Amino acid sequence: METIKANVRLDAKGLACPMPIVKTKKAMNELEAGLVIEVLATDKGSKADLRAWATSSGHQYLGTLEEGDVLKHYLRKSSNDETIEKKHPNVINNEELEKKRNANENIVVLDVREAAEFAFNHIPNARSIPLGELEDRLNELNKEDHIFVVCRTGSRSDLAAQKLTEKGFTHVVNVLPGMSQWSGDTDCVQ
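Residues numbered from 1 in each chain as written. Predicted model: local features only at pLDDT ≥ 70, side-chain atom pairs only at ≥ 80, totals over all residues. Heavy atoms only, no water.

The name given to the protein chain in an unreviewed UniProt entry is Rhodanese domain-containing protein, and the organism recorded there is Cytobacillus praedii.

Printed below as a string of structure tokens:
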């Protein structure tokens, strides 16, 4: 396999979401514009997560190579005028979502964590569509529904909310901080 030249190598092996993104963001801040970073990761979700983060932050996602269990992600830092990280403007906190659920409001809770994360702990009646599958599964959602997007910390859900809005969904809200601090009812796969 041909070796791709990178200016900086970041080892994020063994780290679960959102840590590969957190470490990449920090390393990217210290990198000069135009340089390429290679991020080594073992978290399978990092492929979709890093691509989405690069897109939302203005950096260029170049691609990913797989070598055994290791994913080698390549990103190019854009110049400062290109890197204004977008955030989805519509947000609520966990408590507000719980109030809506308890009031039996007609809402859709969309969980964009990986299937294994969802299986062990999720909001009752939430729909599971991992961030990496969202683009291919948009037809499973109604553009007119009130969709509340949740992940573990609010990062993947922010990217998903941006994607849904850009695809014509009109009532999309990011839930912060997400499942890492969810105190409401949960279900798990039996």
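Past the structure itself, the notes keep going.
1. Notes on the sheet that holds strand β8 (residues 146-150)
As summarised here, the arrangement of the five strands in space is β5-β9-β8-β6-β7, forming an open sheet in which the pairing is parallel. This sheet does not close on itself; its edge strands, each paired only once, are β5 (91-93) and β7 (127-128). Relative to β7, strand β6 (residues 108-111) runs parallel, the two sharing two bridges. Each bridged residue has a counterpart across the sheet, and for aspartate 111 the counterpart in β7 is serine 128. Its contacts with the sheet place helix α3 (residues 94-102) against β5, β6, β8 and β9 (171-176), and it is angled at close to 85° to β5. Of the strands in this sheet, β6, β8 and β9 touch helix α5 (residues 155-166), which is tilted by about 175° from β9. (Pairing = 2+ DSSP bridges. Helix = DSSP H or I, 4+ residues; strand = E, 2+ residues; numbered from the N terminus. Contact = heavy atoms within 4.5 Å. Axes fitted to C-alpha atoms, helices over the stretch in contact; angles between N-to-C directions.)

2. Notes on the packing of helix α1 (residues 19-29) against helix α2 (residues 46-57)
Where α1 meets α2, the closest approach of the two axes is 10 Å, and the angle between their N-to-C directions is 40°. Overall, the two elements α1 and α2 adopt an arrangement that is oblique. In this structure, the crossing between α1 and α2 has a hand that is right-handed. When α1 is examined against α2, the residues Pro20, Ile21, Thr24, Lys25 and Met28 are found in contact with a partner set consisting of Ser46, Asp49, Leu50 and Trp53. Each residue belonging to the contact of α1 with α2 can be placed in one class, and the counts come to five nonpolar, two polar and two charged. (Parallel < 35°, antiparallel > 145°, perpendicular 65-115°, else oblique. Left-handed = near helix turned anticlockwise from the far one by under 90°. Nonpolar A, V, L, I, M, F, W, Y, C, P; charged D, E, K, R; others polar.)

3. A closer look at the pattern of salt bridges
Scanning the model with the defined rule gives 13 salt bridges in all. Linking glutamate 117 and arginine 156 is a salt bridge whose minimum nitrogen-to-oxygen distance equals 2.9 Å. Remark: arginine 156 occurs in helix α5 and glutamate 117 occurs in helix α4 (residues 115-120); sequence separation between them is 39 residues. Given a relative accessible area of 24%, glutamate 117 falls into the partly exposed group. One salt bridge connects glutamate 140 with arginine 137, and the closest N-O pair in it is separated by 2.8 Å. (Salt bridge = Lys/Arg side-chain N within 4 Å of Asp/Glu carboxyl O. Buried < 20%, exposed > 50% of the residue type's maximum accessible area, 1.4 Å probe, protein only.)

4. Some thoughts on the sheet that holds strand β3 (residues 60-67)
Taken in spatial order, the four strands of this open sheet run β1-β2-β4-β3, and their pairing is mixed. The sheet terminates laterally at β1 (8-12) and β3, the two strands that pair on one side only. When the angles between neighbouring strand axes are averaged without regard to direction, this sheet yields 20°. As judged from the seven bridges shared by β3 and strand β4 (residues 70-76), these two strands associate in the antiparallel manner. Directly across from glutamine 60, in β4, lies its bridge partner arginine 76. Contacts between α1 and the sheet are confined to β1, β2 (36-41) and β4, with β1 contributing the most and set at about 155° to the helix.

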